[in-house]
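Topology and contacts: notes
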Amino acid sequence: IYCLDDTGDIYVFITSGNPCKMLTVWKSSGLDCVSSCLTNYEYLVDATPYSEADLDNLQVAVREDQSAKFLLVQAGGQVNQNILMAGCEDGSLVMFNRRFGRIDFRIQGHETAVAHIVSNTRHSRVVSAGHDHVIRIWRMYPFAEEALAPMFSYYTVTTPKNLITGLDRVFYSYEKPDTCTFITVMHDLTDKKNKYPHNPDDDHTGAITSLTVSNSQRIFVSASVDSTIKIWNHNNKLVRTLVLNTIPSAITFGNHEGDILLTIKNEIRRVGYRVYLPEEYLKHMIGVQYPIEVSERPVPKSRGAKEQMSDLESTLRQESGRTETKSDTCLSPNSRIELTLRPLKSRRSPNSCRGISSWNSCLKESMTSRSAFEGQRR
């Protein structure tokens, strides 16, 4: 784990122990670069997971306090390329040598500080957004000395607040508080001419807190302080609006099927894909075989970790108790989050909700056809 703090220092942790162990700190003064954002470009040729023996050897190495350089080299391998990149306060993009903690490559990308940097290994792209209101698309060459080559740029109204990439798209949000507009925008990673507009009435009415993407379902999701979660297809058209009785602070996908994980106050909640995906998406999933999720062996806690974790948990409880108010109380584990599906107002389409009874019948139809298909396949 590479952790960036406000001063630009990067903390390197190894995750084979429980809790994680800090290996080293890369000081911004020694790097000659004050980093403002990080991303990891994973070029995987050999995606074979670690074996149990490899994990055991790594844990032994951590216990015996072997050098950080050895562990970082073992994590990368000779075939795969894990390139740690950063956007800097001076507008440059840099690539780090993970073995020695130094900068191997630097290129000037923006006139001002870099606000976001994300990578898309599927299309060999890196996307950077700066406070100069420019989003740049870069071509990545993992094994070349001059690894980044500029392709084209998009100009924005203001600095993006959130930015992600998935499929062959870049998806970002920005806001204009003076006009109370909170907008999500989608661009193409491969062709600047492709445009993906949507109805302005479909945008959120409050600040957007988080964005995420599901490559398997080809959908993008945005969450907002207006207590809504909006589902967008890969052409930036609104598919669903989920209305909550609380504010989601962050969202992500939990699996290939499309279960959404969202954080609400100090808890993580799950929204199953059958609850919100339209009928056409569920029917499409009937003949799709997703990769099998391999469960990892839980890492046993190190000596003295239980006492440290209990002390930390008690400290966090005390801190949350001090800052907690009556209007912002923590949810109990058995409390329910109300979730309703809001129909699309601007147009009628097969994607809009048609009432609970109709939705249930569609769901039963889809599940029946899926089980019939699986029985026939067997």
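Everything here concerns the structure above.
Here goes a summary of the coordinates provided.

Quick notes on the rules
Residues numbered from 1 in each chain as written. Predicted model: local features only at pLDDT ≥ 70, side-chain atom pairs only at ≥ 80, totals over all residues. Heavy atoms only, no water. Disulfide = S-S within 2.5 Å. Helix = DSSP H or I, 4+ residues; strand = E, 2+ residues; numbered from the N terminus. Buried < 20%, exposed > 50% of the residue type's maximum accessible area, 1.4 Å probe, protein only. Pairing = 2+ DSSP bridges. Axes fitted to C-alpha atoms, helices over the stretch in contact; angles between N-to-C directions. Core = buried A, V, L, I, M, F, W, Y, C linked by side-chain atoms within 4.5 Å. Contact = heavy atoms within 4.5 Å.

Now for the state of the cysteines. Throughout the structure, instances matching the rule amount to 1 disulfide. Here Cys33 engages in a disulfide with Cys88; their sulfurs sit 2.3 Å apart. Every disulfide takes its handedness from the sign of the S-S torsion; for Cys33 and Cys88 that torsion is -75°, giving left-handed. A residue pair is termed long-range when its members are at least 10 positions apart, and Cys33 in the loop between helix H1 (28–31) and strand E4 (35–43) and Cys88 in strand E5 (residues 81–88) qualify at 55 residues. Cys88 shares its class with Cys33; the two are buried.

On to the pairing of strand E19 (residues 250–253). Of the two faces of E19, only one is covered, namely that formed by Ile251 and Phe253; the face formed by Ala250 and Thr252 stays uncovered. Bridge count between E19 and strand E20 (residues 260–264): 4 bridges; the pairing is antiparallel. Each bridged residue has a counterpart across the sheet, and for Phe253 the counterpart in E20 is Ile260.

Next up on the list: the sheet that holds E4. The 4 strands lie next to each other as E4-E5-E6-E7, forming an open sheet whose pairing is antiparallel. Of all the strands in the sheet, just E4 and strand E7 (102–108) have a single pairing partner and so form its edges. Within this sheet the neighbouring strands show an average axis-to-axis angle of 25°, counted without direction. Relative to E7, strand E6 (residues 92–97) runs antiparallel, the two sharing 6 bridges. Its bridge partner lying in E7, Ser92 is registered against Gln108.

Let us look at the nonpolar core. Ile229, Ile231, Ile260, Leu262, Tyr276 and Leu277 are the most contacted members of the largest nonpolar core, which has 21 residues in total. Breaking this core down by element, the ones donating at least two residues are strand E16 (219–224), strand E17 (228–233), strand E18 (238–244), E19, E20, helix H4 (273–276) and helix H5 (279–284). Those residues in contact with Leu262 that lie beyond four places of it in its chain are Ile229, Leu244, Pro248, Ala250, Ile251, Glu267, Ile268, Arg269 and Val271. In this structure, Met95, Phe105, Ile117 and Val126 belong to the second largest nonpolar core, which totals 15 residues.

Limitation: the analysis is restricted to geometry and does not speak to function.
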